[in-house]
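# Coordinate inspection notes
Below, each chain spelled out in residue letters.
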Amino acid sequence: MATQILPHLWYATEAEQAAAFYASVFPDSRVDRVTPLMAESPSGPPGSVKVVEFTLCGQPFMAITAGPLDQFNHAVSLLVECDSQEEIDRYWQAVLDHGGQPEQCGWLRDRWGLSWQIVPRAMRTMMAHPDAARVRRVTEAMLQMVKFDIAALQAAFDGR
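Structural notes, computed from the coordinates. Every value quoted in this text rests on a predicted model; they were computed, and no experiment measured them.

### Considering the pattern of salt bridges
Applying the stated rule across the entire model yields 13 salt bridges. Here D32 and R30 are joined by a salt bridge, their closest N and O atoms 2.7 Å apart. Taking the relative accessible area as the measure of exposure, D32 reaches 37% and is therefore partly exposed. Each member of the salt-bridge network shares a partner with another, and the members are E81, D83, R121 and R124.

Structure below.
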């Protein structure tokens, strides 16, 4: 079997609940397995530490509920590329409705502290365009936004 790299997320509490929430929001997603560690560990008594295997949009992940160690921070985020404003709005609202907090430039923090970026798929093309003036305009527009507005970003990119 080929080597595979899986994102592995450490939750102080509720990794299983986080995975179930994410799987309820994104297509082709599910909680695959929850395995309690049945031995005493530095994080707690037998059964209190749980390893959660889950899939989001076809991408496998692992998580662990193992008590507080390090908080999530912006150094790692999950980026969700969206094809439409409706898709951006749906994912954005789902995270907010489940205790998330909005941040600048398409970023949200979910109720467990994990950072998400909900962005238009077209942003990659816009930001890599060879015309510096177009890139500057779309960047300036992006920096003024909390949740991304695809039409406004496209208008800035086009110089309208």
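### Quick look at the sheet that holds strand β7 (residues 107-109)
The strand order across the open sheet formed by 4 strands is β5-β8-β7-β6, and the pairing between neighbours is mixed. The sheet is open, and its two edges are formed by β5 (77-82) and β6 (101-102), each paired on a single side. Direction of pairing for β5 relative to strand β8 (residues 115-120): parallel, over a ladder of 6 bridges. Each residue of the ladder has a partner; that of L78, found in β8, is W116.

### A word on helix α4 (residues 132-143)
Its 12 residues give α4 an end-to-end C-alpha distance of 16 Å, which sits within 8% of 16 Å, the value for a rise of 1.5 Å per residue. What α4 keeps buried is the set V135, V138, A141 and M142. The buried residues of α4 occupy one face: seen down the axis, they fall within an arc of 130°. In this structure, the buried residues of α4 make contact with α3 (122-127) and α5 (150-158). A distance of 3.0 Å separates the backbone nitrogen of A133 from a side-chain oxygen at the start of α4, and that oxygen is part of D131.

### A few points about the nonpolar core
Nonpolar side chains tend toward joint burial in soluble globular proteins. In this structure, Y11, Y22, F54, W116 and I118 are the most contacted members of the largest nonpolar core, which totals 41 residues. Per element, the largest residue contribution to this core is 6 residues, and it comes from helix α1 (residues 15-25). Apart from the residues within four sequence positions on either side, I118 is in contact with V80, C82, I88, Y91, W92, G106, L108 and F148.

What counts, and where the lines are drawn
Residues numbered from 1 in each chain as written. Predicted model: local features only at pLDDT ≥ 70, side-chain atom pairs only at ≥ 80, totals over all residues. Heavy atoms only, no water. Salt bridge = Lys/Arg side-chain N within 4 Å of Asp/Glu carboxyl O. Buried < 20%, exposed > 50% of the residue type's maximum accessible area, 1.4 Å probe, protein only. Pairing = 2+ DSSP bridges. Helix = DSSP H or I, 4+ residues; strand = E, 2+ residues; numbered from the N terminus. Expected span 1.5 Å × (residues − 1). Arc of directions from axis to C-beta. Contact = heavy atoms within 4.5 Å. Polar contact = N/O pair within 3.5 Å; in protein donor to acceptor, adjacent residues only side chain to side chain. Core = buried A, V, L, I, M, F, W, Y, C linked by side-chain atoms within 4.5 Å.

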